[in-house]
Amino acid sequence: MSETVNVRYMVSDVQQAVDWYVGHFGFEPQLNAAPAFASVEKGPLRLLLSGRGSSAGRPMPDGRQPEPGGWTRFQVIVDDIAAEVARLKGEGVKFRNEVLKGPGGSQILAEDPSGNLVEIFQPAPFPVG
Amino acid sequence: MRALLAAAAVALLAVAPAAHSQGAYGVGSPDVRVRYIVDDVPAAVAFYSSHLGFKLDVPATPFFAALSRGGVQLLLSPVKGPGGASQPLPDGRRPQPGGWLRLVLATPDLESEVDRLRKAGVSFRNEIIGGLGGKQILLDDPSGNPVELFQPG
């Protein structure tokens, strides 16, 4: 019913990334061509995990090399962010910051083993944006 | 009057869980949400609306916008502002655009899509490359965030 949405993350170790997303966030393994590439799915989200040996890992014509990191991320929406953070910290997941409250809700940034972000988000009951 | 207020309060309480479970920002039920950090929210809204077919879900502000296309909602947050995503880290680092993580937008005809976007002045990081699952190319939004256009097959 839902349209699959692809999001690509560059990772330094494809198998490690698969294990992390499956183990901590309940993704289902899909394709696995580690060490170059793998994909995992959760609901309509298909996360493409690309290593340096994949086509997406090739350098740009100007020599720039794709790499993990930055601030772009997908969201995991939860009902109880404190409980989710406690669970993930108990599993050894690292966070880049503490829980922050904005007009739309509360969020915190988890870091995968390559340093990519996952945003855990609890919407405010009556968001204003 | 008191009864009316009480009824209104009950109605709000009844609505709250549903609104909550459906997520925020005025859309029924966004399937997937991706957040990009941008230098200029209105410029980013113009870019994603005019070039890539995204539609605003709620009126944009300088500090936040939410746009949808297909099953994805794109959240745009500026490098500074009141929103949670615009706050600096405890160590002082600030959110910034860029990097290589990206939303992948499928297109049935990559060549003509790239041609259309180049004519509209959109810049690309690379040329079309072939991979195992299809062809792809990376364009840059006005803040330098990549978006991947992908043609399966």
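1. Notes on the pattern of salt bridges
All names here are of chain B.
Part 1 of the argument: Evaluated as defined, the whole model comprises 15 salt bridges over all chains.
Part 2 of the argument: A salt bridge links D91 to R93; its shortest N-O distance comes to 3.1 Å.
Part 3 of the argument: Exposure remark for D91: the relative accessible area of 52% places this residue in the exposed category.
Part 4 of the argument: Across the salt bridge formed by R118 and E127, the nearest N and O atoms sit 3.3 Å from each other.

2. Things to note about the nonpolar core
Part 1 of the argument: Counting residues in hydrophobic clusters, the biggest one holds 61 residues, and the most contacted among them are Y21, F74 and I120 of chain A together with Y48, L52 and L76 of chain B.
Part 2 of the argument: Those residues in contact with Y48 of chain B that lie beyond four places of it in its chain are Y36, G53, F54, L67, L74, L76, D141 and V147 of chain B.
Part 3 of the argument: Counting five residues, the second-largest nonpolar core is a separate cluster that includes L109 and L117 of chain A together with I37 and L89 of chain B.

3. Remarks on helix α2 (residues 81–90) of chain A
Residue and element names in this part refer to chain A.
Part 1 of the argument: Taken as a whole, α2 has its buried residues at I81, E84, V85 and L88. The buried residues of α2 occupy one face: seen down the axis, they fall within an arc of 95 degrees. Opposite its buried face, α2 presents the exposed residues A82 and G90, each directed more than 90 degrees away.
Part 2 of the argument: The N-cap of α2, judged by a side-chain oxygen 3.3 Å from the amide nitrogen of A82 a few residues on, is D80.
Part 3 of the argument: Taken from the residues just after α2, G92 is the one with a positive phi, measuring 90 degrees.

Cut-offs used in this document
- Residues numbered from 1 in each chain as written.
- Chains lettered and ligands numbered in written order.
- Predicted model: local features only at pLDDT ≥ 70, side-chain atom pairs only at ≥ 80, totals over all residues.
- Heavy atoms only, no water.
- Salt bridge = Lys/Arg side-chain N within 4 Å of Asp/Glu carboxyl O.
- Buried < 20%, exposed > 50% of the residue type's maximum accessible area, 1.4 Å probe, protein only.
- Core = buried A, V, L, I, M, F, W, Y, C linked by side-chain atoms within 4.5 Å.
- Contact = heavy atoms within 4.5 Å.
- Helix = DSSP H or I, 4+ residues; strand = E, 2+ residues; numbered from the N terminus.
- Arc of directions from axis to C-beta.
- Polar contact = N/O pair within 3.5 Å; in protein donor to acceptor, adjacent residues only side chain to side chain.

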